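The lines below spell out each chain.
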Amino acid sequence: MEEPEKSNVSEAVSAKSNVDKVDDVSSQASNRRNDSVKSSQSKPRLKLFSKVMEKSLQWLLDNASFDRFSHYFQPLSKQNPQLTEAMHKQFISQLQTLVQKEIATVIEEGELQVKFEELDKLEELAKDTPQAAWRPSGVPEQDVCSGLVSYYKKQEEYMRIQLKKLQKENAGLAQKVQAGRENITHTEQRIATGVEEWRASLEDLEAFVSTLSPSEHFGSL
């Protein structure tokens, strides 16, 4: 009879120790949550995001009730309800701490504050835009088609700009080619004129030579 009593006392002490640890962890998590809320008070969007995450976390914790938890550990909960309760508290605390840590990681690594500030700027710029922003129609086919049409229009405009650039470059090259052809034509004309002049001079020389007699050729010798 003494051994079961010692065992029960040991389990009770262990359960109390676990409860104390759970309370410490819960206190630390609560402090971190309060610090996060304080730091986001001057940041409306981030504050709203934090509230939504806290409500979602609270909904998750509420659904992880002790009754549901003990349902899956019925033999243990019937034999030692105190230990089961301590395990449940530790489970809730660790779950809460893990989820809060993941949320903080998402905020930090995702740079949500920077993204929210950019969203604020876009919202501020949109105030001066009379045209309503695009909203999905609820029909996926229409939304996809409208998105594709916009994309293809942008591509068409881009190709039109590139075509104009190529046409301009081709026009410049055509002008250079035409100028080169004109230079070649002028050069050919100058060469032909020079050849004609040379032939005319040669003919004049031959005609002059033919008019001279042999005695006139050698009379002076």
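These numbers were taken from a predicted model, which means no experiment stands behind them.

Draft legend 1. View of the overall build of the chain. In terms of helices and strands, the chain carries eight helices and zero strands. Put simply, the chain runs from its N terminus to its C terminus through helices and strands in the order α-α-α-α-α-α-α-α. Counting only residues that meet the buried cut, the chain has 13% of its 221 residues in that class. Sequence-distant contacts, at least 24 apart, represent 62% of the contacts inside the chain between residues at least 6 apart. Summed over its atoms, the accessible surface of the chain is roughly 18200 Å², and 58% of this surface lies on carbon and sulfur atoms.

Draft legend 2. Expanded view of the packing of helix H2 (residues 44–63) against helix H6 (residues 112–126). Where H2 meets H6, the closest approach of the two axes is 9 Å, and the angle between their N-to-C directions is 125°. Classified by the angle between their axes, H2 and H6 sit oblique to one another. Where H2 crosses over H6, the two elements pack in a sense that is right-handed. Contacts from Arg-45, Leu-46 and Phe-49 of H2 reach H6 at Leu-112, Gln-113, Phe-116, Leu-119, Asp-120 and Glu-123. Of the residues in the contact of H2 with H6, the class split is five nonpolar, one polar and three charged.

Draft legend 3. Representation of the pattern of salt bridges. Summed over the entire model, instances satisfying the criterion amount to seven salt bridges. Close ionic contact of Glu-123 with Arg-45 constitutes a salt bridge, the shortest N to O distance being 2.4 Å. Of the two residues, Glu-123 is situated in helix H6 and Arg-45 in helix H2; the sequence distance between them amounts to 78 residues. Relative accessible area serves as the criterion here: at 42%, Glu-123 is assigned to the partly exposed category. Given the relative accessible area of 27%, Arg-45 is considered partly exposed. Taking the shortest distance from any N to any O, the salt bridge between Glu-196 and Arg-199 comes out at 4.0 Å. Separated by three residues within a single helix, Glu-196 and Arg-199 lie in helix H7 (residues 140–210), roughly one turn from each other. With relative accessibility at 49%, the residue Glu-196 sits in the partly exposed group. A relative accessible area of 45% places Arg-199 in the partly exposed class.

Draft legend 4. Highlighting helix H5 (residues 81–109). Across its 29 residues, H5 extends 41 Å between first and last C-alpha, which sits within 8% of the 42 Å expected from 1.5 Å per residue. By the burial criterion, the buried members of H5 are Leu-83, Thr-84, Ala-86, His-88, Ile-92, Ser-93, Leu-95, Gln-96, Gln-100, Ile-103 and Ile-107. The first or second residue beyond H5 is Glu-111, which carries a positive phi of 50°.

Draft legend 5. Local environment of the packing of H2 against H5. Two elements in contact, H2 and H5, have axes whose closest approach is 11 Å; the angle formed by their N-to-C orientations is 155°. When the interaxial angle is binned, H2 and H5 end up roughly antiparallel. Judged by the sense of rotation from one axis to the other, the crossing of H2 with H5 is right-handed. Counting all contacts with H2, which are made through Leu-46, Phe-49, Met-53, Leu-57, Leu-60 and Leu-61, the residues of H5 involved are Ile-92, Leu-95, Gln-96, Val-99, Gln-100, Ile-103 and Ile-107. Among the residues making up the contact of H2 with H5, the classes are represented as 11 nonpolar, two polar and no charged.

Draft legend 6. Up close: unusual backbone geometry. Here Glu-111, not a glycine, exhibits a phi torsion of approximately 50°, which is positive. The exposure class assigned to Glu-111 is partly exposed, which follows from its relative accessible area of 44%.

Parameters at a glance
- Residues numbered from 1 in each chain as written.
- Predicted model: local features only at pLDDT ≥ 70, side-chain atom pairs only at ≥ 80, totals over all residues.
- Heavy atoms only, no water.
- Helix = DSSP H or I, 4+ residues; strand = E, 2+ residues; numbered from the N terminus.
- Buried < 20%, exposed > 50% of the residue type's maximum accessible area, 1.4 Å probe, protein only.
- Contact = heavy atoms within 4.5 Å.
- Areas by Shrake-Rupley, 256 points an atom, 1.4 Å probe, with all protein chains shown as cover.
- Axes fitted to C-alpha atoms, helices over the stretch in contact; angles between N-to-C directions.
- Parallel < 35°, antiparallel > 145°, perpendicular 65-115°, else oblique.
- Left-handed = near helix turned anticlockwise from the far one by under 90°.
- Nonpolar A, V, L, I, M, F, W, Y, C, P; charged D, E, K, R; others polar.
- Salt bridge = Lys/Arg side-chain N within 4 Å of Asp/Glu carboxyl O.
- Expected span 1.5 Å × (residues − 1).

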